[in-house]
Amino acid sequence: MIVTTPFFRGTLAATAVACMAAVSPALAADYEIRLGHVTSDKEPIQQAMEEFVAKVGERTEGKVEITIFPNAQLGTNSEVYEQMRAGAPIMTISDPGYLSDFVADFGVLGGPYLMEDPRDFTKIIESDLYADMKNRLRTESQIELLSLNWLFGSRHLISDKPISTPDDIAGMTFRTPPNIMWVETFDSMGARPTQLAWAEVYSGLSAGVVEGAEAPLPSIYGAKLHEVKKVISLTGHFKGFTGLVINSDYFAMLPEDIQTVLVEEAVAAGVFMTDLMLNSQEEWVKKLEAEGVTFNRDVDVPAFQEKTAVTYTKFPDWTPGLYEQVREILDN
């Protein structure tokens with residue numbers, strides 16, 4: 001008779017498990033997709049992505065496995081976009097500025113002071129105009145737009161001094177992304193727009209390449225821009241929306257039920273993120289104030305609205321009457 005000690009019995013059990021693992025490999029997902037973005041994993045957009053990934057995994061019973069790569073782990077925005085457009089199983093975040101490179105009319109959705117209440121953007125998402133632009137994007141550029149209702153936040157100015165009127169920003173160098181809407185908007189304000197990639201903004205402010213930058217409060221905090229500049233002026237000049245994109249050919253080869261899940265959960269995650277952003281503004285204010293930031297709330301928003309209105313006349317490639325059509329959708 002063989003007598004086994006607890007240690008020996010444990011060793012046998014461990015050996016048996018190891019052998020079973022060797023002959024029974026873990027079941028892999030049917031579809032593995034990477035989701036890359038350049039922002040910090042400490043920002044609300046990461047939470048929205050985690051919500052999206054969890055719900056997709058749950059509804060597809062593990063058939064779709066999405067792995068998030070924050071902090072530019074897959075490369076810069078342009079590098080990730082190129083991988084996605086080449087047909088790789090990659091999702092990423094996009095916005096009207098990027099999409100306007102392929103369908104110019106998307107650009108109007110990223111314009112200055114387009115709406116007062118961000119929830120009104122739902123009117124755009126539910127319109128025939130948006131459906132038509134989505135279809136053109138798919139057929140002309142092989143980009144499937146899963147959603148565009150993720151409120152990235154109201155964008156504000158950060159610099160060394162309070163900026164209350166357009167006169168205060170006149171002649172100042174301000175960082176903009178490589179996006180013509182941003183460039184035209186800051187030019188209309190009277191500033192000198194200077195294009196820098198997001199990863200270069202901190203060093204650009206530190207080295208004096210630019211005198212100021214603009215972003216939603218979570219992004220300012222996540223990128224630690226407040227370590228360099230200490231005054232944030234609440235201009236709210238852009239209410240930025242983003243969403244998920246994927247290669248349309250890759251998307252088309254997925255089973256129809258999985259396509260449905262991806263679209264529905266991308267939109268649901270946008271609602272989640274919008275609520276998150278709208279309910280956390282003062283929380284981010286307090287976080288930044290605790291880091292020594294001064295907030296300038298004395299901003300003449302009507303003056304900035306009047307000054308930037310001309311921006312909407314600077315895009316000859318837009319469909320004639322586009323801005324008026326968008327205004328009609330939003331105002332009704």
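Quick note: structure is the one above.
Residues numbered from 1 in each chain as written. Predicted model: local features only at pLDDT ≥ 70, side-chain atom pairs only at ≥ 80, totals over all residues. Heavy atoms only, no water.

Chemist: Give me the lowdown on the overall build of the protein, citing residues and values where you can.
Modeler: Each helix and strand in the protein was counted, giving 15 helices and 10 strands. Projected onto its principal axes, the C-alpha positions of the protein cover 95 × 45 × 30 Å. When contacts within the protein are restricted to residue pairs at least 6 apart in sequence, long-range pairs at least 24 apart make up 77% of them. Counting only carbon and sulfur atoms, one obtains 53% of the accessible surface of the protein, whose full area is about 15600 Å². Across the protein, the 26 positively charged side chains and the 48 negatively charged ones have centroids separated by 5 Å. (Helix = DSSP H or I, 4+ residues; strand = E, 2+ residues; numbered from the N terminus. Contact = heavy atoms within 4.5 Å. Areas by Shrake-Rupley, 256 points an atom, 1.4 Å probe, with all protein chains shown as cover. Lys, Arg positive; Asp, Glu negative; His and termini not counted. Charge placed at Lys NZ, Arg CZ, Asp CG, Glu CD.)

Chemist: How would you explain the environment of Thr-319 if you had to name every residue and give the values?
Modeler: Within the secondary structure, Thr-319 sits in the loop between helix H14 (301-308) and helix H15 (322-331). In this structure, the C-alpha to C-alpha distance between Thr-319 and Ala-104, residues 215 residues apart in sequence, is 8.3 Å.

Chemist: So, the layout of surface pockets: which residues are in play, and what are the values?
Modeler: Over the atoms a probe the size of a water molecule is rolled, and this reveals where empty space is left. Reported here for the largest pocket is a volume of approximately 1100 Å³. In terms of lining, the largest pocket is formed by 46 residues, of which the most central are Val-38, Asn-77, Arg-175, Pro-177 and Trp-198. Sorting the residues of the lining of the largest pocket by element identifies helix H3 (77-85), strand E3 (90-94), helix H4 (96-99), strand E5 (150-159), helix H10 (217-222) and strand E9 (231-247) as the ones contributing at least two each. The dominant element in the lining of the largest pocket, judged by the number of residues it contributes, is E9, at five residues. Grouping the amino acids of the lining of the largest pocket by side-chain chemistry returns 22 nonpolar, 17 polar and seven charged. Surrounding the second largest pocket, 22 residues form its lining, Glu-116, Ser-154, His-156, Gly-236 and Lys-239 being those nearest its centre. Listed by contribution, the elements that provide at least two residues to the lining of the second largest pocket are E5, H10, E9, helix H12 (256-279), helix H13 (281-290) and H14. Looking at the lining of the second largest pocket residue by residue, the classes come out as 12 nonpolar, eight polar and two charged. (1 Å grid on protein atoms, 1.4 Å probe; cavity = no way out; pocket = protein on both sides within 12 Å on 5 of 7 lines; lining within 4 Å. Points joined across faces, edges and corners; volume = space filled by probe spheres on them. Nonpolar A, V, L, I, M, F, W, Y, C, P; charged D, E, K, R; others polar.)

Chemist: For the pattern of salt bridges, give the residues involved together with the corresponding values.
Modeler: Going through the model one piece at a time under the given rule, you end up with 14 salt bridges. One salt bridge in this structure joins Asp-160 and Lys-229, with 2.9 Å as the shortest N-O distance. Of this pair, Asp-160 sits in the loop between E5 and helix H7 (166-169) while Lys-229 sits in the loop between H10 and E9, and the two are 69 residues apart along the sequence. Here Asp-160 falls in the exposed class, since its relative accessible area comes to 55%. Exposure remark for Lys-229: the relative accessible area of 9% places this residue in the buried category. Here the salt bridges do not stand alone but share partners, grouping Arg-59, Glu-264 and Glu-265 into one network. (Salt bridge = Lys/Arg side-chain N within 4 Å of Asp/Glu carboxyl O. Buried < 20%, exposed > 50% of the residue type's maximum accessible area, 1.4 Å probe, protein only.)

Chemist: Report on the packing of aromatic side chains, specifying residues and quantitative values.
Modeler: Inspection of every chain in the model, using the stated rule, returns nine aromatic pairs. Arranged with centres 4.6 Å apart and planes meeting at 50°, the rings of Trp-182 and Phe-238 form a pair that is tilted. Taken together, the positions of Trp-182 in helix H8 (residues 180-189) and Phe-238 in strand E9 put the pair 56 residues apart, joining distant regions of the chain. With respect to burial, Trp-182 and Phe-238 carry one shared label: buried. With 4.6 Å between their ring centres and 10° between their planes, Phe-315 and Trp-318 make a pair best called stacked. Pair check on accessibility: Phe-315 and Trp-318 agree, each one buried. Taken together, the aromatic side chains of Tyr-312, Phe-315, Trp-318 and Tyr-323 make up a single cluster linked through ring pairs. (Phe/Tyr/Trp six-rings, centres within 6.5 Å; stacked < 30°, edge-to-face > 60°.)

Chemist: Could you give an account of the nonpolar core, naming the residues involved and the relevant values?
Modeler: Judged by nonpolar contacts, the single largest core of 75 residues is most densely connected at Phe-52, Ile-66, Met-91 and Phe-106. For this core, the element with the highest residue contribution is H12, accounting for seven residues. Ignoring sequence-local partners within four residues, the contact set of Ile-66 consists of Ile-33, Leu-35, Phe-52, Val-53, Val-56, Met-91 and Leu-262. By size, the runner-up hydrophobic cluster in this structure holds 17 residues, among which are Leu-205, Val-210, Ile-220 and Ile-232. (Core = buried A, V, L, I, M, F, W, Y, C linked by side-chain atoms within 4.5 Å.)

Chemist: Please provide a residue-by-residue account of helix H6 (residues 128-141), values included.
Modeler: Taking 1.5 Å of rise per residue, the 14 residues of H6 would be expected to cover 20 Å, and the 20 Å separating its terminal C-alpha atoms lies within 8% of that figure. Among the structural elements, H3, H4, helix H5 (121-125), strand E4 (143-145) and H15 are those in contact with the buried residues of H6. In the segment just after H6, Gln-142 is the residue with positive phi, at about 55°. (Expected span 1.5 Å × (residues − 1).)

Chemist: Any details on unusual backbone geometry? Residues and values, ideally.
Modeler: The backbone phi angle of Glu-61 is positive, close to 55°, even though this residue is not glycine. Structurally, Glu-61 can be placed in the loop between helix H2 (44-59) and strand E2 (64-69). Owing to a relative accessible area of 70%, Glu-61 belongs among the exposed residues under this scheme. In this structure, Tyr-113 is a non-glycine residue whose phi angle is positive, near 50°. Its location among the elements puts Tyr-113 in the loop between H4 and H5.

Structural measurements only, silent on function.
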